[in-house]
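Listed here are the chains, written in short residue letters.
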Amino acid sequence: MHVIACLAEGLGIRGTARVFEVDPNTVLQWLVEAAEQLQAFSQHFLHDLRVRQVQMDELFALLSAVKDGEVSATEAIERLERSPQWVWVAMDPESKLLLGLDVGDRTLAMAQRVVHQVVQMLAPDCAPLFLTDGFREYLTALLTHYGYWVQPLRRQVTGPAPKPRWMPLSQLLYAQVIKTVRRRRLVRVSHRVVFGTLEAVNAVLAPHGWHINTAFVERINLTIRQHVAAVGRRVSTLCKGEDGLRQQLAVFHCYYNFCLPHASVRLPLPQPGPTNGSGSATQWRPCTPAMAAGLTDHVWTLREVLLFRVPPWPQPVGV
């Protein structure tokens with residue numbers, strides 16, 4: 001339990017092995033087994049969700065690619081810089097619930113895969129407001145999942161009939177935050193409504209006093225870097241492949257949603273409660289993103305999650 005907790009808090013595999021005086025291969029084996037259980041636990045709870053907003057983003061992940069004598073370490077690093085891997089993130093900014101994490105290239109296929117995973121978790125009639133950066137592949141991915149065929153009317157008496165067109169659903173809302181960077185400096189931020197109207201987008205954001213932004217998913221990117229050793233900045237712990245990174249992300253995904261209280265969604269107590277120490281009385285009830293989303297009623301411990309017997313559930317169709 002303590003080893004998995006250290007991995008969930010961002011300590012590397014070798015560092016955890018030194019702390020508990022065990023072999024790194026043993027820690028890696030425990031990570032693989034725990035990741036399978038935590039991933040099944042997350043899938044058991046994350047389904048038929050009803051959210052009003054979804055923010056999506058990608059963060060850079062450096063994967064170790066030193067070959068067995070085929071290329072040098074310098075060439076491998078240069079190759080990584082030219083074609084890095086990315087961690088794709090989707091979250092609900094209201095409850096801070098982390099919907100999905102995936103690893104892959106920054107391509108249309110990955111955008112389709114991430115959007116498909118999010119849509120699988122949402123209720124069939126749920127069409128939230130999507131907020132992303134200016135990456136153009138999100139537009140195609142969202143239009144693929146929230147569109148329908150329309151047969152245009154014939155404008156001429158003679159000639160071939162017009163071809164059907166794939167059009168977005170009327171309830172689809174999608175806006176982008178476009179950032180202009182020059183010489184590694186942010187010089188301009190603009191907003192663009194892609195699907196829907198600006199009035200409809202503002203109607204979703206107005207109850208919270210928000211404007212079109214991706215600040216919440218960008219903030220959770222920092223949390224991921226702090227809790228997943230493989231994607232931390234300027235660290236010596238590099239993930240050796242996609243499988244190792246996926247296992248660490250699976251542990252963090254469940255730990256963040258169910259075990260880690262979030263300060264922005266905490267609830268005030270009716271009356272201040274005593275503490276174990278000599279400090280002031282507790283005025284807040286800890287709340288996790290899963291509690292804020294209504295998926296559970298208490299803060300889960302890592303022991304409870306690892307010992308939880310996950311019942312069978314209908315498997316979603318793969319992409």
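Note: the structure precedes this text.
A few points on the structure. (Residues numbered from 1 in each chain as written. Predicted model: local features only at pLDDT ≥ 70, side-chain atom pairs only at ≥ 80, totals over all residues. Heavy atoms only, no water.)

## Here's the deal with the pattern of salt bridges
Piece 1. Under the defined criterion, the tally for this structure stands at 8 salt bridges.
Piece 2. Here Arg-50 makes a salt bridge to Asp-125, at a shortest N to O gap of 2.9 Å. Taken as a pair, Arg-50 in the loop between helix H3 (24-45) and strand S1 (53-61) and Asp-125 in the loop between helix H5 (108-121) and strand S4 (129-133) lie far apart in primary sequence, 75 residues in all.
Piece 3. Accessibility expressed as a relative area gives 55% for Asp-125, which makes it exposed.
Piece 4. Residues Arg-113 and Asp-102 are paired through a salt bridge, measuring 2.8 Å at the closest nitrogen-oxygen approach. Separated by 11 residues along the polypeptide, Arg-113 in helix H5 and Asp-102 in strand S3 (residues 98-104) bring together distant segments of the chain.
Piece 5. Using a relative accessible area of 31% as the deciding quantity, one classes Arg-113 as partly exposed.
Piece 6. A single network of salt bridges, built from pairs that share partners, joins Glu-58, Arg-106 and Asp-133. (Salt bridge = Lys/Arg side-chain N within 4 Å of Asp/Glu carboxyl O. Helix = DSSP H or I, 4+ residues; strand = E, 2+ residues; numbered from the N terminus. Buried < 20%, exposed > 50% of the residue type's maximum accessible area, 1.4 Å probe, protein only.)

## Comments concerning the packing of H3 against helix H9 (residues 242-259)
Piece 1. In contact at an axis separation of 8 Å, H3 and H9 are set at 45° when each is read in the N-to-C sense. Classified by the angle between their axes, H3 and H9 sit oblique to one another. With respect to the hand of their crossing, H3 and H9 are arranged in left-handed fashion. Contacts from Leu-31, Val-32, Ala-35, Leu-38, Gln-39, Phe-41, Ser-42 and Phe-45 in H3 reach Gln-247, Gln-248, Ala-250, Val-251, His-253, Cys-254 and Phe-258 in H9.
Piece 2. Each residue belonging to the contact of H3 with H9 can be placed in one class, and the counts come to 10 nonpolar, 5 polar and no charged. (Axes fitted to C-alpha atoms, helices over the stretch in contact; angles between N-to-C directions. Parallel < 35°, antiparallel > 145°, perpendicular 65-115°, else oblique. Left-handed = near helix turned anticlockwise from the far one by under 90°. Contact = heavy atoms within 4.5 Å. Nonpolar A, V, L, I, M, F, W, Y, C, P; charged D, E, K, R; others polar.)

## Here we look at the pairing of strand S2 (residues 85-91)
Piece 1. Where burial is concerned, most of S2 is hidden: 6 out of the 7 residues are buried.
Piece 2. The pairing of S1 with S2 spans 7 bridges and is antiparallel. When the sheet's bridge partners are listed, Asp-57 is paired in S2 with Val-89.
Piece 3. In this structure, S2 lies alongside S3, joined through 6 bridges in antiparallel fashion. Paired with Trp-86 across the two strands is Gly-104, which belongs to S3.
Piece 4. Hairpin connection, S2 to S3: the antiparallel pair is bridged by 6 residues, and Lys-96 has positive phi, about 65°. (Pairing = 2+ DSSP bridges.)

## Describing a nonpolar patch on the surface
Piece 1. Among the surface-exposed residues, Leu-11, Val-19 and Phe-20 lie close enough to one another that they form a single nonpolar patch of about 240 Å² accessible area.
Piece 2. With respect to the helices, strands and loops of the structure, Val-19 is situated in helix H2 (residues 13-20).
Piece 3. Given a relative accessible area of 53%, Val-19 falls into the exposed group. (Patch = residues over 30% accessible without salt bridge, like charges linked within 9 Å, V, L, I, M, F, W, Y side chains within 5 Å. Areas by Shrake-Rupley, 256 points an atom, 1.4 Å probe, with all protein chains shown as cover.)

## Side note on the packing of H5 against helix H6 (residues 137-145)
Piece 1. The interhelical angle for the contact between H5 and H6, taken along N-to-C directions, is 45°, at an axis separation of 9 Å. When the interaxial angle is binned, H5 and H6 end up oblique. For the pair H5 and H6, the crossing hand works out as right-handed. Across the interface between the two elements, Leu-108, Ala-111, Gln-112, Val-115, His-116 and Val-119 from H5 touch Glu-137, Thr-140, Ala-141, Leu-142, Thr-144 and His-145 from H6.
Piece 2. Here the contact of H5 with H6 is composed, by residue class, of 6 nonpolar, 5 polar and 1 charged.

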